[in-house]
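What follows is each chain in one-letter form.
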Amino acid sequence: MIKINQTESFADEDILFCFALESEAAEVFKENNVVFTGIGKVNAAYELSKAIQNKRPSIIINLGSAGSSNFQKGDVICCTKFVQRDMDVRGLGFALYETPLSGLPTVLEYGLLMDNLQEGVCGTGDNFEMEHSSDAYNVVDMEAYALAMIAMKENIPFLCLKYISDGADDNAAEDWTIQVHKAAIAYGKILGLI
C-alpha cells in the first residue's frame, strides 16, 4: 500500500508507475507495474494509452527527472499543474501555451498532492530546455503534460513527482547525466519501497 496523503492510499498492484526511461526507475521498481514511455509527449501519450487499455490502473504515478531553476538538485517536487511550454499559436490569436480548440485551459490542473513535498508547475515540451526563463512554470520536463491530460480524460487519479536533476540551464545536459540515476532511490524512499 502506498500512502499519497491523509485521504489517498493505493494498493501496489493497482498502481501504474510511468517513467520515460529505465534509468529513472533503476532496480527499485522491478517488482511493480511499470511502463517506460520513451522521451517526448507523443511517445508518452501512446505508451500510456496502450498501458491503460491492457490494465486500467487505480492511479497513474509519473516519476521522472526534470530541470528547474527554482528548486535544488536532488529535490523531489509534486507537480499538480501542467503547461505545454512548446505550444505557441499566438500568431493565430491564441494565448501562449494554449492548445487551440481543445477546450483545455492554458494551465492544466490535475494531480494529487503528496504530503511533505514541495508543489510545482511542470512545463512540458519536446525540447531539452537549457535556458529556462518563464514564470509560467518552475519545473521542466518532456512528458508530464501528456500523461496528466490522458489521466484526466480517463478519470484516473494522477500523481506526478519530479526529481530535480539539473538547473534547466547551460549545464543541464551534463548535470542530468550525473544525477538521473539518483532519482529511483529518492522515489523508493518517498514511496516506502526501499
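Look above for the structure.
These numbers were taken from a predicted model, which means no experiment stands behind them.

Draft legend 1. Main features of the overall build of the chain. Broken down by element type, the chain carries five helices and ten strands. For the chain, whose C-alpha radius of gyration is 16 Å, the value lies close to the compact-globule estimate of 16 Å for 194 residues. By its C-alpha atoms, the chain is 50 × 35 × 30 Å across when sized along the principal axes. Contacts in the chain between residues far apart in sequence, at least 24 positions, make up 72% of those at least 6 positions apart. With an accessible surface of roughly 9200 Å², the chain has 49% of that area assigned to carbon and sulfur atoms. Here the chain carries 14 positive and 28 negative side-chain charges, and the mean point of each set is 4 Å from the other.

Draft legend 2. Region of interest: the packing of aromatic side chains. Within this structure, the stated rule accounts for five aromatic pairs. Their ring planes at 35 degrees and their centres at 6.0 Å tell us that Phe19 and Phe36 sit as a pair that is tilted. You can see Phe19 sitting in strand E3 (residues 15-19) and its partner Phe36 sitting in strand E4 (residues 34-36), a full 17 residues away along the chain. In this structure an aromatic cluster arises from ring pairing among Phe17, Phe19, Phe29 and Phe36.

Draft legend 3. Highlighting the nonpolar core. Judged by nonpolar contacts, the single largest core of 28 residues is most densely connected at Leu48, Ile60, Cys79, Phe82, Val139 and Phe158. Elements with a contribution of two residues or more to this core: E3, helix H2 (41-54), strand E5 (59-67), strand E6 (76-84), helix H3 (144-153) and strand E10 (158-166). Looking at this core, the element that brings in the most residues is H3, giving six residues. In this structure, Cys79 is in contact with Gly120, Cys122, Val139, Cys160 and Lys162, ignoring residues within four places of it in sequence. In terms of nonpolar packing, the next biggest core, distinct from the first, is built from 24 residues, Ile2, Leu159, Ala184 and Leu191 among them.

Draft legend 4. Region of the structure containing the pairing of strand E8 (residues 118-124). Among the seven residues in E8, five count as buried, and that is most of the element. Judged from the seven bridges that link them, E6 and E8 form a sheet pairing that is parallel. Paired with Cys79 across the strands is Gly120, a residue of E8. Pairing analysis gives three bridges linking E8 to strand E9 (residues 139-141), with the strands arranged parallel. Bridge pairing in E9 links Gly123 to Val140.

Draft legend 5. Geometry of H3. Judged by how many residues are buried, H3 sits mostly within the fold: seven of ten residues are covered. Along H3, the residues that are buried comprise Ala144, Tyr145, Ala146, Leu147, Ala148, Ile150 and Ala151. Immediately beyond the C-terminal end of H3, within one or two residues, lies Asn155, with a positive phi of roughly 60 degrees.

Draft legend 6. Representation of unusual backbone geometry within the structure. The backbone of Leu101 shows a phi angle near 60 degrees, a positive value even though the residue is not glycine. By the element assignment, Leu101 lies in the loop between E6 and strand E7 (108-109). Judged by its relative accessible area of 80%, Leu101 falls in the exposed class. With a phi close to 70 degrees, Asn116 is a non-glycine residue in the positive phi region.

Draft legend 7. A look at the state of the cysteines. What the rule picks out here adds up to zero disulfides. Left unpaired, Cys18 is separated from the closest cysteine sulfur, that of Cys160, by 9.5 Å. Cys79 forms no disulfide, and the closest cysteine sulfur to it belongs to Cys160, at a distance of 4.6 Å.

Draft legend 8. Structural context of the pattern of salt bridges. Counted according to the given criterion, the structure contains six salt bridges. Put simply, Asp86 and Lys41 hold a salt bridge, and the shortest N to O gap is 2.6 Å. In this pair, Asp86 sits in the loop between E6 and E7 while Lys41 sits in helix H2, placing the two residues 45 residues apart along the sequence. Judged by its relative accessible area of 11%, Lys41 is buried. Ionic pairing is found between Glu154 and Arg56, a salt bridge with its closest N-O pair at 3.1 Å. With Glu154 in the loop between H3 and E10 and Arg56 in the loop between H2 and E5, this pair connects stretches of sequence that are 98 residues apart. Relative accessible area serves as the criterion here: at 47%, Arg56 is assigned to the partly exposed category.

Calculation notes
- Residues numbered from 1 in each chain as written.
- Predicted model: local features only at pLDDT ≥ 70, side-chain atom pairs only at ≥ 80, totals over all residues.
- Heavy atoms only, no water.
- Helix = DSSP H or I, 4+ residues; strand = E, 2+ residues; numbered from the N terminus.
- Rg over C-alpha atoms; globule rule 2.2 N^0.38 Å.
- Contact = heavy atoms within 4.5 Å.
- Areas by Shrake-Rupley, 256 points an atom, 1.4 Å probe, with all protein chains shown as cover.
- Lys, Arg positive; Asp, Glu negative; His and termini not counted.
- Charge placed at Lys NZ, Arg CZ, Asp CG, Glu CD.
- Phe/Tyr/Trp six-rings, centres within 6.5 Å; stacked < 30°, edge-to-face > 60°.
- Core = buried A, V, L, I, M, F, W, Y, C linked by side-chain atoms within 4.5 Å.
- Buried < 20%, exposed > 50% of the residue type's maximum accessible area, 1.4 Å probe, protein only.
- Pairing = 2+ DSSP bridges.
- Disulfide = S-S within 2.5 Å.
- Salt bridge = Lys/Arg side-chain N within 4 Å of Asp/Glu carboxyl O.

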